[in-house]
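Structural overview for review
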Amino acid sequence: MAVCIAVIAKENYPLYIRSVPTENELKFHYTVHTSLDVVDEKISAMGKALVDQRELYLGLLYPTEDYKVYGYVTNSKVKFVMVVDSSNTALRDNEIRSMFRKLHNSYTDIMCNPFYNPGDRIHSRAFDTMVNSMMMQVC
C-alpha cells in the first residue's frame, strides 16, 4: 500500500506531501527528502538521454526494511516520489508506473488552472481526492 505521495518542485522544495499514517509524517518527510539525492543521481546518469527519451519513470529509488521508494520526474524537472509498504508484494512495476501517470495527469490539470501560481504549494480538493483514491486503491 502507498503510504506517502509527494510532489517536489524543480528547486527541491515540497509542493505537496500526503502520508496515510499521520503519526509517522515526519519520518515520511525525511524519507522523501533523502530520496531526492537518488533522483538527482539517476537524472544526471541519464544525462541528455532523458531529454530525448519519453520515459519519465525512474523506478525503484531505494528499498528499506519497511518501505520501497519509487520516483518519477517530469519534463519540467518536477519530481514525484511514492513510498510504498514493502510488505505489499502484489504491487507490480507497471501498476506503480500507471499510478505515476495518473498523478502526472492530475498535476497537469492543476498547472492548467489559471488561478494556480507555479511554484506555490498545491491546495486542490480534486488533487487531494485523486491522491486519496490512489492510496485506497493500492490498499
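As the structure is a computational prediction, the values presented were derived from the model and not from experiment.

Read from one edge of the open sheet, five strands run S2-S1-S5-S4-S3, paired in antiparallel fashion. Across the chains shown, the open sheet's two edge strands, defined by having one partner strand only, are strand S2 (14-19) and strand S3 (57-63). When the angles between neighbouring strand axes are averaged without regard to direction, this sheet yields 15 degrees. Examined bridge by bridge, strand S1 (residues 2-8) and S2 share five bridges and lie antiparallel to one another. Following the sheet pairing, Ile5 is matched in S2 by Arg18.

Among the nonpolar cores identified, the biggest contains 28 residues, and Val7, Met82, Phe100, Leu103, Ile122 and Phe127 are the most heavily contacted of them. Where this core is concerned, the elements lending two or more residues are S1, S2, strand S4 (67-73), strand S5 (79-85), helix H3 (93-111) and helix H4 (125-138). Of the residues forming this core, the biggest block, six residues, is contributed by H3. What Leu103 contacts, discounting residues up to four positions off in sequence, is Ile5, Phe80, Phe127, Met130, Val131 and Met134. Counting residues in hydrophobic clusters, the runner-up holds 19 residues, among them Val3, Ile8, Val69 and Val83.

On to the packing of aromatic side chains. One pass over the full model with this rule turns up six aromatic pairs. Ring geometry for Phe28 against Tyr67: centres 5.3 Å apart, planes inclined by 75 degrees, an arrangement best described as edge-to-face. Placement of the pair is Phe28 in helix H1 (residues 25-46) and Tyr67 in strand S4, with a sequence separation of 39 residues. One exposure class covers both Phe28 and Tyr67, and it is buried. When the centroid spacing of 5.7 Å and the interplanar angle of 20 degrees are considered together, the rings of Tyr72 and Phe80 count as stacked. We classify Tyr72 as buried; its relative accessible area is 7%. Members of the aromatic cluster, connected to one another through ring pairs, are Tyr57, Tyr72, Phe80, Phe100 and Tyr107.

Turning to the pattern of salt bridges, a few remarks are in order. Overall, the coordinates contain two salt bridges when judged by the stated rule. Taking the shortest distance from any N to any O, the salt bridge between Lys27 and Asp66 comes out at 4.0 Å. Here Lys27 is found in helix H1, whereas its partner Asp66 is found in the loop between S3 and S4, with 39 residues between them in sequence. Using a relative accessible area of 41% as the deciding quantity, one classes Asp66 as partly exposed.

This part is about H1. The terminal C-alpha atoms of H1 lie 31 Å apart, and with 22 residues this matches the ideal 32 Å at 1.5 Å per residue to within 8%. All buried positions along H1 are accounted for by Phe28, Thr31, Val32, Ser35, Leu36, Val38, Val39 and Ile43.

This part covers unusual backbone geometry. For Asn12, which is not glycine, the phi torsion reads 65 degrees and is therefore positive. Along the polypeptide, Asn12 turns up in the loop between S1 and S2. The phi dihedral of Lys77 is positive, around 65 degrees, even though this residue is not glycine. Mapped onto the fold, Lys77 is located in the loop between S4 and S5.

This paragraph deals with the side chain of Thr74. You can see Thr74 is positioned in the loop between S4 and S5. The class for Thr74 is buried, based on a relative accessible area of 4%. At 3.1 Å, the side chain of Thr74 and the side chain of Ser76 are in polar contact. The residues contacting Thr74, other than those within four sequence positions of it, are Leu56, Phe80 and His104.

Quick notes on the rules
- Residues numbered from 1 in each chain as written.
- Predicted model: local features only at pLDDT ≥ 70, side-chain atom pairs only at ≥ 80, totals over all residues.
- Heavy atoms only, no water.
- Pairing = 2+ DSSP bridges.
- Helix = DSSP H or I, 4+ residues; strand = E, 2+ residues; numbered from the N terminus.
- Axes fitted to C-alpha atoms, helices over the stretch in contact; angles between N-to-C directions.
- Core = buried A, V, L, I, M, F, W, Y, C linked by side-chain atoms within 4.5 Å.
- Buried < 20%, exposed > 50% of the residue type's maximum accessible area, 1.4 Å probe, protein only.
- Contact = heavy atoms within 4.5 Å.
- Phe/Tyr/Trp six-rings, centres within 6.5 Å; stacked < 30°, edge-to-face > 60°.
- Salt bridge = Lys/Arg side-chain N within 4 Å of Asp/Glu carboxyl O.
- Expected span 1.5 Å × (residues − 1).
- Polar contact = N/O pair within 3.5 Å; in protein donor to acceptor, adjacent residues only side chain to side chain.

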